[in-house]
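Fold and contact review
Each chain, letter by letter, is given below.
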Amino acid sequence: MKKLRVLLVDDEIMIREGFKRLFDWESHDCQVVGEAADGKEALTKIDSLQPDIAIMDINIPIMNGLKVIQLARIKHPDMAFVIVSGYDDFAYCREALRLQITDYILKPVNYEEFGTCIDNLKIALFRRQTPRREDAQEERPIQAIARYLQEHLAEDVSLSVLAEEFHLSAQYISQLFKSEIGVNFLAYLTGIRMERARKLLLTTPLSVAEVSEQVGYGDYRVFTKVFKKSEGITPSQYRRDFMDGGQ
């Protein structure tokens, strides 16, 4: 898998230095290719450097981060964005969701959680590159496996189940996830389950227990624990905060 190109956007140089020095980009198959200190510079760097990912503060000079993303999306629809902010304001989260931001993290940055965020980004980028079912082009094995997982999220899916379904060894499938997506099988499965859970919590009246079953967790207590580890809050709080923010 090619290294993902990362642009850091923050008006505080110490924050940018922290991202460069305190996070192991190499182990996550990423490289920092540039920095920007304001919105105008960010747009220029996005055009010139063509990064895969922009890590961006909201509150930057000249043009705020959300406006930068809105404009950048016009020419670079496949770029991934992570909002970093010192403002724990769910109104920003709602706007970020509307702009299809991959993730939203608060300062001070927890770099362990940020590693999970980067893994989720890889999953999101991979899924964007996966051809739709109606396309005539032939799927790679990893694409077929990823599609199978999406269609069977409510089931108890494991490497052994995939091995039997696709007539491949479990070890080979495990290696495919690491080499072609950059995350292990369990991280990928958890990532897409949490993505589906977030969508169900915000767009359906299903109870937390029902959402849990829909995304493959028979025990809603396990689901709640995994969701909280991924999102920082419980499923009930996630739904409540979003609804409260919409009033």
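To be clear, the structure that these remarks concern was listed above.
All of these numbers come straight from a predicted model, not from anything done at the bench. (Residues numbered from 1 in each chain as written. Predicted model: local features only at pLDDT ≥ 70, side-chain atom pairs only at ≥ 80, totals over all residues. Heavy atoms only, no water.)

**Describing the overall build of the protein chain**
Within the protein chain, the secondary structure is distributed over 12 helices and five strands. Counting every position in the protein chain, which comprises 247 residues, the buried fraction comes to 42%. Long-range contacts, defined here as pairs at least 24 residues apart, represent 63% of the contacts in the protein chain between residues at least 6 apart. When the accessible surface of the protein chain is totalled, it reaches about 13,200 Å², and 50% of it is carbon and sulfur. (Helix = DSSP H or I, 4+ residues; strand = E, 2+ residues; numbered from the N terminus. Buried < 20%, exposed > 50% of the residue type's maximum accessible area, 1.4 Å probe, protein only. Contact = heavy atoms within 4.5 Å. Areas by Shrake-Rupley, 256 points an atom, 1.4 Å probe, with all protein chains shown as cover.)

**Let's talk about the pairing of strand 1 (residues 4-9)**
Burial within strand 1 is extensive, with five of its six residues counted as buried. Taken together, strand 1, helix 1 (residues 13-22) and strand 2 (residues 30-36) form a β-α-β motif whose crossover is right-handed. In this sheet, strand 3 (residues 53-57) lies alongside strand 1 in parallel orientation, the contact comprising four bridges. Bridged to Val9 within strand 3 is Met56. (Right-handed = clockwise from strand over helix to strand, strands pointing away. Pairing = 2+ DSSP bridges.)

**A closer look at the sheet that holds strand 2**
Pairing between the strands of a sheet is mediated by backbone hydrogen bonds and can be parallel or antiparallel. Strands sit in the order 2-1-3-4-5 across an open sheet of five strands; the sheet is parallel. Looking at which strands have only one partner, the edges of the open sheet turn out to be strand 2 and strand 5 (103-106). For this sheet, the mean angle separating the axes of adjacent strands, direction not counted, is 20°. Strand direction decides the pairing type here: strand 4 (residues 80-85) and strand 5, joined by four bridges, are parallel. Note that in strand 5 the partner of Val84 across the bridge is Ile105. Contacting strand 1, strand 2, strand 3 and strand 4, helix 1 runs over the sheet at an angle of about 170° to strand 2. Where helix 2 (residues 39-49) meets the sheet, its contacts fall on strand 1, strand 2 and strand 4, and the angle it forms with strand 2 comes to roughly 140°. (Axes fitted to C-alpha atoms, helices over the stretch in contact; angles between N-to-C directions.)

**Things to note about the nonpolar core**
With 20 residues, the main nonpolar core has Ile145, Leu149, Leu162, Phe177, Ile181 and Tyr188 as its most contacted residues. Where this core is concerned, the elements lending two or more residues are helix 5 (111-129), helix 6 (141-151), helix 7 (159-166), helix 8 (170-181) and helix 9 (185-203). In terms of residue count, the dominant contributor to this core is helix 6 (five residues). Other than its neighbours up to four places away in sequence, Ile145 contacts Leu162, Phe166, Ile173, Leu176 and Phe177. Phe23, Trp25, Ala80 and Leu125 belong to the second largest nonpolar core, which has 19 residues in total. (Core = buried A, V, L, I, M, F, W, Y, C linked by side-chain atoms within 4.5 Å.)

**Comments concerning the environment of Tyr148**
Along the chain, Tyr148 turns up in helix 6. Residue classification places Tyr148 among the buried positions, given a relative accessible area of 12%. Once the C-alpha coordinates of Tyr148 and Leu162 are considered, the two residues, 14 residues apart in sequence, prove to be 8.7 Å apart. Sequence-distant contacts of Tyr148, that is, excluding residues within four places in its chain, are made with Val157, Val161, Leu162, Glu165 and Phe166.

**Considering helix 11 (residues 220-231)**
Three or four residues apart is the spacing at which side chains of an α-helix point the same way, because the helix has 3.6 residues per turn. With 12 residues, helix 11 extends 16 Å between its outermost C-alpha atoms, agreeing within 8% with the 16 Å of an ideal straight helix rising 1.5 Å per residue. At the N-terminal end of helix 11, a side-chain oxygen is found 2.8 Å from the backbone nitrogen of Arg221, two or three residues along, and the residue is Asp219. The first or second residue beyond helix 11 is Gly232, which carries a positive phi of 90°. (Expected span 1.5 Å × (residues − 1). Polar contact = N/O pair within 3.5 Å; in protein donor to acceptor, adjacent residues only side chain to side chain.)

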